[in-house]
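Here are the chains, one letter per residue:
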Amino acid sequence: MEREKLETLWHSSSHVMADAVRQIFPNAKLGIGPAAREGFYYDFDVEKPFAAEDLEKIEKAMKEIVKKNYKFDRKEISKGEAEKQFAKEPYKLELIEGLEGQTISTYSHGAFTDLCRGPHVQSTGEIKAVKLLRTAGAYWRGSEKNKMLQRIYGISFPSEQELQEYLKKQKEIGERNHIKIGKDLDLFSIHVEAPGMPFFHDKGMIVLDEIVEFWKEEHRKRGYEIVTTPMILNKSLWLQSGHWDHYKDNMFFTEIEEQEFAVKPMNCPGGILIFSEKRHSYRELPIKMAELGIVHRNERSGVLNGLFRVRKFTQDDAHIYCTEAQLKDEIKKVIELTKVLYSAFGFNEYQVELSTKPEKAMGSDETWEHATKSLKAALNEMGIQFKVNPGEGAFYGPKIDFHIKDALERNWQCGTIQVDFSMPEKFDMYYIGEDDKKHRPVMIHRALLGSLERFFGVLLENYAGALPLWLSPVQAKVIALADRHSEYVEKIAAEMRAKGIRVETDVRNESVSKKVREAQMQKIPYILVAGDLEAGKNAATIRKRSGELEKEVPVQKFIERMLAEIKEKK
RNA sequence: GCCCAUGUAGUUCAGUGGUAGAACGUCACCUUGGUAAGGUGGAGGUCGGGGGUUCAAUCCCCCCCAUGGGCUCCA
């Protein structure tokens, strides 16, 4: 069923849910109830938050309403009539107030009427399958200054089968949660002693190191310098950069010999100190300075989420200093690099957004226009589809964001390319132009993977833990059939290790099936089993992650194959 | 930060107003195996932390911490 029709069904389902809620909780005040990204929700102002049992009751009442197969009736009414009709609904009155001059319509089914633009399905009977999923608090009109209402999320389909398929898929998705994978594969852990600051174990570090090594190579190839700046810097720097005024609430502070210092939440001020340490000629531009910068941000406790949202993370940051004339081409180069990185990690689909000048902004209109045009032109010339978010840019410049989908279909901002007019001015940065005069460079901030931590999380969910060979923390496991094969197994593992392959052995006193099963659950790409058949021939039986078997493969030949596969993938 | 839920063995989870149980893992022994769990036995828990109610709290109440799902905010 196409998206549009489903959305209509979901929207209608939210009306049915509101009807059901009102039957059970007559005093519930109605907020809004649209179709969501997947399913629908409705916000209610109730005295007590809904409990799990309430959801069951509401769902049951909904099914009754569906059974009655009420027709949806649309009616257009005047603002006065609407105010009269919804006199007991404060939130609806607020909405009506905002509809000045527009057509006001209501939809009714049975005895229930809601203020609504529509459209809706013909009748409630079209909702053949419905399930209420969870409750959540949600601020009225999305502002934390407003009252928090109680939201119920649900899903519905035109058939029971589709609902069952949906639920099954959700369950599978839940199983590829990166936190669970991280624990199962011994990649990282999170402890109460450091909320939002994950601990990476050896196997997790192997993956991160591989990512970093590849990242550095691709950057060096493209003329980036790679630097590291200190994690703690004097307050004066943050005053100058403006972070003290605008970002203080998100920063951590410390003190050294009675002087105030801040733990960096961003890398740019440090990088600028390197830039400004010496004079630069226009001939040197663009200067591209990259840093895998560890930043700390004091995120509010409620937003922390596995590796997706943390307080300490590593940005694959870089700052590009160039002339306005170079801006477009530099942005194109950054986008090209983004594509190279994403595709190397298996992401070929992502959403691109362009955010333009906000109301409060610094820099002249002309500068903004030139920068925004450059960003747009770069995207267009690269043939990249994008969505424009008017007024969503940073106060210091417009930006392009890259969003990657996680297993739960949530979009996570990873890459970001931001033009900045503010920092060069605040730090009085300049280069010497052809005319022997000082000129202000344009600064581009960019992080392509975004945060290594978040990217790692998205990567794990994308592959359900079964990372490509070159990223796998353990690339091969060699299993001994019986005790007498231990020595042989250790010997071939040593040969592989000598060639740089990450290999583990399993010579435990357990059945082959069990050892294979465990290696398989660890998502190890290649499992080698050696027994009497193989030991005499310097061979092993190979099992791929897919379960496919290849008997008595000479070890040397297999090592070459693996090395070729690792190399090719990069 | 706000709303809701959760926190019990290394892991996944049962459970009860009279201080705990399973499976897997771990350890020992038996078994020496041919591609997703071989068998037997043992060890292992101040039931997230702190208060309170009670003769008695892991269970009921309050506070705190953390985690998850959302809202708001963000890479």
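Up top you'll find the structure we're talking about.
Caption draft 1: Looking closely at the environment of Ile 542. Assignment of secondary structure puts Ile 542 in strand E26 (residues 539-544). Ile 542 sits in the buried class, given a relative accessible area of 2%. With eleven residues separating them along the chain, Ile 542 and Val 553 place their C-alpha atoms 7.0 Å apart. Setting aside residues up to four positions removed in sequence, Ile 542 forms contacts with Tyr 526, Ile 527, Leu 528, Glu 548, Leu 549, Glu 550, Val 553 and Phe 558.

Caption draft 2: Up close: the packing of helix H7 (residues 202-221) against helix H14 (residues 452-463). Direction vectors running N to C along H7 and H14 enclose 110°, while the axes themselves pass 11 Å from each other. By the criterion of interaxial angle, the relationship of H7 to H14 is roughly perpendicular. Contacts between H7 and H14 involve Gly 204, Val 207, Leu 208, Ile 211 and Val 212 from the first element and Leu 452, Phe 456 and Leu 459 from the second. Looking at the contact of H7 with H14, its residues break down into seven nonpolar, one polar and no charged.

Caption draft 3: Expanded view of the protein's contact with RNA strand B. If you check the shell around RNA strand B, you find 57 residues, and the closest are Tyr 139, Gln 413, Asp 483, Asn 509 and Glu 534. Between Ser 301 and RNA strand B, the recorded distance is 2.7 Å, taken from a side-chain N or O atom to a phosphate oxygen. At the level of elements, strand E6 (129-139), strand E7 (148-157), helix H6 (178-184), strand E19 (411-420), helix H16 (512-521), helix H17 (532-535) and E26 are the ones that each hand at least two residues to the surface near RNA strand B. Counting residues per element, the surface near RNA strand B draws most heavily on H16, at seven residues.

Caption draft 4: Seen up close, the sheet that holds strand E13 (residues 259-263). Taken together, three strands build an open sheet; the order of strands is E11-E13-E12 and the sheet is antiparallel. Two strands close off the open sheet at either side, each with one partner strand: strand E11 (232-234) and strand E12 (252-256). With direction set aside, neighbouring strand axes in the sheet form an average angle of 40°. As judged from the five bridges shared by E12 and E13, these two strands associate in the antiparallel manner. Looking at E13, one finds that Ile 256 is bridged to Gln 259.

Caption draft 5: Geometry of the nonpolar core. Of all hydrophobic cores here, the largest spans 80 residues; its most connected members are Phe 345, Ile 400 and Met 496. It is helix H11 (residues 327-344) that contributes the most residues to this core, eight residues altogether. Counting only domains with at least three residues in this core, you end up with domain 2 (185-228 + 279-462) and domain 4 (476-568). Not counting chain neighbours up to four residues away, the residues in contact with Met 496 comprise Ala 476, Val 478, Ile 501, Val 503, Leu 528, Phe 558, Ile 559 and Met 562. Grouped together as the second largest cluster of nonpolar side chains are 35 residues, Tyr 42, Tyr 107, Leu 132 and Leu 163 included.

Caption draft 6: Broad picture of the sheet that holds strand E24 (residues 503-506). If you trace the five strands from one edge of the open sheet to the other, you get E24-E23-E25-E26-E27, paired in mixed fashion. Whereas interior strands pair on both sides, the edge strands pair on one side only; in this sheet they are E24 and strand E27 (549-554). Averaged over neighbouring strand pairs, the angle between their axes works out to 25° when direction is ignored. Across four bridges, strand E25 (residues 526-530) lies against E26 in antiparallel orientation. Residue pairing for E26: Ile 527 is matched across the bridge by Arg 543. The strands touched by helix H18 (residues 555-569) are strand E23 (476-480), E25, E26 and E27; relative to E27, the strand with the most contacts, the crossing angle is about 115°.

Caption draft 7: Molecular detail of the pairing of E26. Where E26 and E27 come together, four bridges link them in antiparallel fashion. Bridge pairing links Ala 539 to Pro 554 in E27. In sequence, E26 turns back onto E27 through a hairpin of four residues, with Gly 547 there showing a positive phi of about 105°.

Caption draft 8: Spotlight on the environment of Ile 294. Inspection of the secondary structure assignment puts Ile 294 in strand E14 (residues 287-296). When its relative accessible area of 29% is taken as the criterion, Ile 294 is described as partly exposed. Sequence separation of Ile 294 and Glu 83 is 211 residues, and the distance between their C-alpha atoms is 55 Å. What Ile 294 contacts, discounting residues up to four positions off in sequence, is Met 231, Lys 264, Asn 267, Lys 312, Phe 313 and Thr 314.

Caption draft 9: Highlighting the packing of aromatic side chains. Taken as a whole, this structure holds 25 aromatic pairs when the rule is applied. An aromatic cluster is present here, built from Phe 214, Tyr 342, Phe 345, Phe 347, Tyr 350, Phe 402, Phe 455 and Trp 470 joined pairwise through their rings. Here the basic side chain of Arg 134 rests over the ring of Tyr 153, its NZ or CZ set 5.0 Å away from the ring centre. Positioned over the ring face of Tyr 41 is Arg 151, at 3.7 Å from the centre of the ring.

Caption draft 10: Main features of the state of the cysteines. This model, assessed by the stated rule, comprises zero disulfides. Here Cys 268 is not disulfide-linked; the sulfur of Cys 322 is the nearest cysteine sulfur, at 15 Å. Residue class for Cys 268 comes out buried when judged on its relative accessible area of 3%.

About the thresholds
- Residues numbered from 1 in each chain as written.
- Chains lettered and ligands numbered in written order.
- Predicted model: local features only at pLDDT ≥ 70, side-chain atom pairs only at ≥ 80, totals over all residues.
- Heavy atoms only, no water.
- Helix = DSSP H or I, 4+ residues; strand = E, 2+ residues; numbered from the N terminus.
- Buried < 20%, exposed > 50% of the residue type's maximum accessible area, 1.4 Å probe, protein only.
- Contact = heavy atoms within 4.5 Å.
- Axes fitted to C-alpha atoms, helices over the stretch in contact; angles between N-to-C directions.
- Parallel < 35°, antiparallel > 145°, perpendicular 65-115°, else oblique.
- Nonpolar A, V, L, I, M, F, W, Y, C, P; charged D, E, K, R; others polar.
- Near = heavy atom within 4 Å.
- Polar contact = N/O pair within 3.5 Å; in protein donor to acceptor, adjacent residues only side chain to side chain.
- Pairing = 2+ DSSP bridges.
- Core = buried A, V, L, I, M, F, W, Y, C linked by side-chain atoms within 4.5 Å.
- Domains from an automatic or database assignment.
- Phe/Tyr/Trp six-rings, centres within 6.5 Å; stacked < 30°, edge-to-face > 60°.
- Lys NZ or Arg CZ within 6 Å of the ring centre and 35° of its normal.
- Disulfide = S-S within 2.5 Å.

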